[in-house]
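Each chain is listed here by its residues.
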Amino acid sequence: MDKPSLELLRTMTDENVLRTLMQHRRLTRAELAAATGISKPTVGESVRRLGEAGLVVDTGERTQGGRGRGRVGTYYALAEEVGTALAISVAPEGVVAERIDAYGEVVARSEEAVARPAHPTDVAAALHKAAAAASGPPAASGTASAAGAAAGGRIRVAVVSAADPVDRASGRMIHLPDSPFLLGELDPHDVLAPLVAGPIVVDNDVNWAARAERDDARDFAYLYLGEGLGGAIVSDGEVRQGAGGLAGEIAHLITVGPSGRATRLIDVFDELGLRQPDSTAIDVTRLLATIAATGEDVRRALGEAVAGVIAAIVALTDPSYVVIGGPWGTHPAILAAITTAAADQPRQVPIRAARRTGEPSLTGARLDALDRLRDAIVRA
């Protein structure tokens, strides 16, 4: 075999071994061979190379052997120095920063509140404080093969979810006229650069929530209905951001209002008296209370308004189905009203509630951060 082919084979073997350890935490060379389908001698050479590169370590743990039980096996795991990743959510409720290891475990978490109205300097300070706290050493967890393994080292990548549109080119947040949250522009790259050794990826929260719902689906739409309104289009398995990162801003789509006239979606809530004082943010508490009390007319108005938005999305993007998320969007009565109203549309697609309801945007960012961290380790 010529040298380039041999180097390629070694690279592929090393990647296979690394990714297998990421899934299983610790394995012996015999277990690695069985899991990868690679011969024991080849796996042994790979473990040696990865050990010399500082990516794999002997945990000090041994299998039980002797007295007819076979040879004693050595357990190997990722080295602590392989590094970690940050997954961060910047939202009206505050900033949440998580540090995750290559096994996908959250080894540190920090939260910082943000006052309202939120100003860029305050959000930047909260972002830095939360990220710095999460970047510190994890709590002691025992041996190198336990949860603390691969939890140290540098921060190789950060993925940020932001509750505002994000400029696709610069990664800075964009404040639109009707955006109820962050004021002005915030640049997470500048804030996080001192803490992160590698790339910093920023996108808006609805896009990350859609990624968390993606699974094996290739084409679907995601609507977030909460204090703010947002949409995401997944086409060919990828979230479409648009030329400037503003795709999916459904608040300005024209739909049917409570009076039966054409109106912007965001203005529907003004007509229904469901916006927060001096803000375009939706009063979720009041909305749900109205629905629970005497809300048949409100339910119908909301169902028709959202169904009008879905009709526009279906006409333009042809999704296989539509996911509804958010604190009031997933309410059974409202979801039923949306589904009923959408049944009268000329083109119908299945509509379902989001499966991930607990921190969906952070979940999407965390999944992406894990993929990027693992890729960075393999490239090392």
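To be clear, the structure that these remarks concern was listed above.
On a predicted model such as this, the values are computed, not experimentally measured, just so you know.

A. The arrangement of the sheet that holds strand 5 (residues 106-112) in detail. Taken in spatial order, the five strands of this open sheet run 5-4-3-6-7, and their pairing is mixed. Bordering the open sheet on either side are strand 5 and strand 7 (200-204), each of which pairs with just one other strand. Taken pair by pair, the neighbouring strands of this sheet meet at an average axis angle of 15°, ignoring direction. Both strand 3 (residues 84-91) and strand 6 (residues 155-162) contribute to a ladder of seven bridges, which runs parallel. By the bridge assignment for strand 6, T84 is matched with I155. Packed on one face of the sheet, helix 11 (residues 360-379) meets strand 3, strand 4 (94-100), strand 5, strand 6 and strand 7 and runs near 160° to strand 6.

B. Molecular detail of the sheet that holds strand 14 (residues 351-353). In space, the five strands of this open sheet follow the order 10-9-8-13-14, with mixed pairing throughout. Only two strands of the sheet have a single partner each, and these edge strands are strand 10 (238-239) and strand 14. In the packing of helix 6 (residues 205-212) onto the sheet, the strands contacted are strand 8 (220-225), strand 9 (229-235) and strand 10, and the crossing angle to strand 9 comes to about 50°. In this fold helix 10 (residues 332-342) packs onto strand 8, strand 13 (322-325) and strand 14, with an angle of close to 175° to the strand it touches most, strand 14.

C. Examining the nonpolar core more closely. In this structure, L223, L229, F269, L287, I310, I324 and W328 are the most contacted members of the largest nonpolar core, which totals 35 residues. Residue assignment for this core shows that the elements contributing at least two residues are strand 8, strand 9, helix 7 (265-271), helix 8 (284-292), helix 9 (296-317), strand 13 and helix 10. With residues up to four places along the chain from it excluded, the contact list for F269 reads L229, L274, R275, I282, L287, L302 and W328. The next biggest cluster of nonpolar side chains, apart from the first, holds 34 residues, and it includes M22, V82, W208 and L362.

D. Main features of the packing of aromatic side chains. Applying the stated criterion across every chain, the model contains two aromatic pairs. Aromatic side chains F269 and W328 sit 5.5 Å apart centroid to centroid with 65° between the ring planes, which places their arrangement in the edge-to-face category. Of the two residues, F269 sits in helix 7 while W328 sits in the loop between strand 13 and helix 10, which places them 59 residues apart along the sequence. The exposure class assigned to F269 is buried, which follows from its relative accessible area of 1%. Here the guanidinium or amino end of R26 rests over the ring plane of Y75, the centre of that ring lying 3.9 Å away. Here R211 stacks its cationic end above the ring of W208, 4.3 Å away from the centre of that ring.

E. Up close: the pairing of strand 6. Burial of strand 6 is extensive: eight of the eight residues sit out of reach of the surface. With five bridges connecting them, strand 6 and strand 7 associate as parallel partners. Looking at strand 7, one finds that A162 is bridged to N204.

F. Quick look at helix 8. Of the residues making up helix 8, those classed as buried are V284, L287 and I291. The buried residues of helix 8 occupy an angular sector of 65° when projected down its axis, which confines them to one face. Opposite its buried face, helix 8 presents the exposed residues T285 and A292, each directed more than 90 degrees away. Contacts made by the buried residues of helix 8 are with helix 7, helix 9 and helix 10. You can read the cap of helix 8 off the contacts: a side-chain oxygen lies 3.4 Å from the backbone nitrogen of T285, and it is on D283.

G. Examining the pairing of strand 2 (residues 74-78) more closely. Taken across its five residues, strand 2 has five buried, putting it largely inside the fold. Where strand 1 (residues 56-62) meets strand 2, four bridges bridge the pair, whose relative direction is antiparallel. Residue V57 lies in a different strand from strand 2, and its bridge partner there is A77.

H. Fine view of the packing of helix 8 against helix 9. Contact geometry for helix 8 and helix 9: axes closest at 7 Å, N-to-C directions at 120°. Viewed along their axes, helix 8 and helix 9 adopt a mutual orientation that is oblique. Where helix 8 approaches helix 9, its residues L287, T290 and I291 are matched on the opposing element by V298, R299 and L302. Of the residues in the contact of helix 8 with helix 9, the class split is four nonpolar, one polar and one charged.

Rules behind the numbers
- Residues numbered from 1 in each chain as written.
- Predicted model: local features only at pLDDT ≥ 70, side-chain atom pairs only at ≥ 80, totals over all residues.
- Heavy atoms only, no water.
- Pairing = 2+ DSSP bridges.
- Helix = DSSP H or I, 4+ residues; strand = E, 2+ residues; numbered from the N terminus.
- Axes fitted to C-alpha atoms, helices over the stretch in contact; angles between N-to-C directions.
- Contact = heavy atoms within 4.5 Å.
- Core = buried A, V, L, I, M, F, W, Y, C linked by side-chain atoms within 4.5 Å.
- Buried < 20%, exposed > 50% of the residue type's maximum accessible area, 1.4 Å probe, protein only.
- Phe/Tyr/Trp six-rings, centres within 6.5 Å; stacked < 30°, edge-to-face > 60°.
- Lys NZ or Arg CZ within 6 Å of the ring centre and 35° of its normal.
- Arc of directions from axis to C-beta.
- Polar contact = N/O pair within 3.5 Å; in protein donor to acceptor, adjacent residues only side chain to side chain.
- Parallel < 35°, antiparallel > 145°, perpendicular 65-115°, else oblique.
- Nonpolar A, V, L, I, M, F, W, Y, C, P; charged D, E, K, R; others polar.

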